[in-house]
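Residue strings, one per chain:
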Amino acid sequence: MKVTQKYGYVEFYDKDSTETLVEDAVQIFASDYVKYNYPEMVFFHVVNENKKTIGQATKDKAKGLLKGVSDCIFMIPEKCRGKYSFGAIELKRATKKLATPVSDEQKSFLKSVRESGGFAAVAYGRDGFLAAFKEMISK
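The following paragraphs examine the structure supplied in this document.

Thresholds applied
- Residues numbered from 1 in each chain as written.
- Predicted model: local features only at pLDDT ≥ 70, side-chain atom pairs only at ≥ 80, totals over all residues.
- Heavy atoms only, no water.
- Helix = DSSP H or I, 4+ residues; strand = E, 2+ residues; numbered from the N terminus.
- Expected span 1.5 Å × (residues − 1).
- Buried < 20%, exposed > 50% of the residue type's maximum accessible area, 1.4 Å probe, protein only.
- Contact = heavy atoms within 4.5 Å.
- Patch = residues over 30% accessible without salt bridge, like charges linked within 9 Å, V, L, I, M, F, W, Y side chains within 5 Å.
- Areas by Shrake-Rupley, 256 points an atom, 1.4 Å probe, with all protein chains shown as cover.
- Salt bridge = Lys/Arg side-chain N within 4 Å of Asp/Glu carboxyl O.
- Phe/Tyr/Trp six-rings, centres within 6.5 Å; stacked < 30°, edge-to-face > 60°.
- Lys NZ or Arg CZ within 6 Å of the ring centre and 35° of its normal.
- Pairing = 2+ DSSP bridges.
- Axes fitted to C-alpha atoms, helices over the stretch in contact; angles between N-to-C directions.
- Core = buried A, V, L, I, M, F, W, Y, C linked by side-chain atoms within 4.5 Å.

**Points about helix H4 (residues 125-137)**
- The end-to-end C-alpha distance of H4 is 19 Å, a good match for the 18 Å that 13 residues give at a rise of 1.5 Å each.
- Within H4, the full set of buried residues consists of Gly-125, Gly-128, Phe-129, Leu-130, Ala-132, Phe-133, Met-136 and Ile-137.
- Among the structural elements, strand S2 (9-13), helix H1 (23-37), strand S4 (72-75), strand S5 (86-92) and strand S6 (119-124) are those in contact with the buried residues of H4.

So this is what it looks like as C-alpha cells:
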C-alpha cells in the first residue's frame, strides 16, 4: 500500500491493484465493514453526486448542501479513538487511471477537515479504504 501526503489530506492506494469495482461497490463495502466491525461508530455517507434540476440544486444549496463533502464521514467514539475524534475519507476506484480525479471542492473539504483536527484521506479501492480507516483509528 502506497501512502502519499498531499496538501490537506493523505492518499492511500495500491499502484498495482487489479481491483475493478466501481466506486458505488467500494462505498457499500466500506459501509458494511464499519457497520459490522465497529457498530458503535457513527458513520454516514452524504449523497452529493446525483443529477438534479437547477431548481433542486438551488434548493439543496439553500438548505446547506456542500459540494465536495467526502463519501465517508466518521464520528469516532472514545473506545475506538486514536488521535482523531472524527474523520472524512473520499473513496475512489482502486485503479487510479479509471478513477475520477479528486475535485477542487473535495480537496478543499478534506483540507478543512484536517485543519479542524480531523483525519482526512482519499482512498482508492477496498484496500485503500481499509488502510485509511485503520490509520484513522490507530492509537
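We are not done yet, so read on.
**Details of a nonpolar patch on the surface**
- Together, Val-42, Phe-44 and Met-75 make up a nonpolar patch on the protein surface, roughly 250 Å² of accessible area in all.
- Given the relative accessible area of 46%, Val-42 is considered partly exposed.

**Some points on the packing of aromatic side chains**
- One pass over the structure, following the stated rule, counts twelve aromatic pairs.
- For the pair Tyr-33 and Phe-133, a centre-to-centre distance of 5.8 Å together with 85° between the ring planes defines the contact as edge-to-face. Of this pair, Tyr-33 sits in helix H1 while Phe-133 sits in helix H4, and the two are 100 residues apart along the sequence.
- Residue Tyr-33 is classed as buried on the basis of its relative accessible area of 17%.
- Under the relative-accessibility criterion, Phe-133 is labelled buried at 0%.
- Members of the aromatic cluster, connected to one another through ring pairs, are Phe-29, Tyr-33, Tyr-38, Phe-43, Phe-74, Phe-129 and Phe-133.
- Between Arg-126 and the ring centre of Phe-29, over which it is positioned, the NZ or CZ distance is 5.9 Å.

**Some points on the sheet that holds strand S1 (residues 2-6)**
- Sheet architecture is open: six strands sit in the order S1-S2-S6-S5-S4-S3, paired in mixed fashion. Strand pairing shows two members of the sheet lacking a second neighbour, S1 and strand S3 (42-44), which therefore form its edges. Pairs of neighbouring strands in the sheet enclose a mean axial angle of 20°, with direction left out of account.
- Here S3 runs beside S4; their pairing, made up of three bridges, is antiparallel. When the sheet's bridge partners are listed, Phe-43 is paired in S4 with Phe-74.
- In this fold helix H3 (residues 104-115) packs onto S1, S2, S4, S5 and S6, with an angle of close to 155° to the strand it touches most, S5.
- The sheet contacts of H4 involve S2, S4, S5 and S6, and relative to S6 the element is tilted by about 160°.

**Topic: the nonpolar core**
- With 25 residues, the main nonpolar core has Val-34, Met-41, Phe-74, Ile-89, Phe-129 and Phe-133 as its most contacted residues.
- Going through the elements one at a time, S2, H1, S4, S5, S6 and H4 are the ones with two or more residues in this core.
- With six residues, the single largest contributor to this core is H4.
- Not counting chain neighbours up to four residues away, the residues in contact with Phe-129 comprise Phe-29, Ala-30, Tyr-33, Val-34, Cys-72, Phe-74, Ile-89, Leu-91 and Ala-123.
- Judged by nonpolar contacts, the second largest core, of 13 residues, contains Ala-99, Leu-110, Val-122 and Tyr-124.

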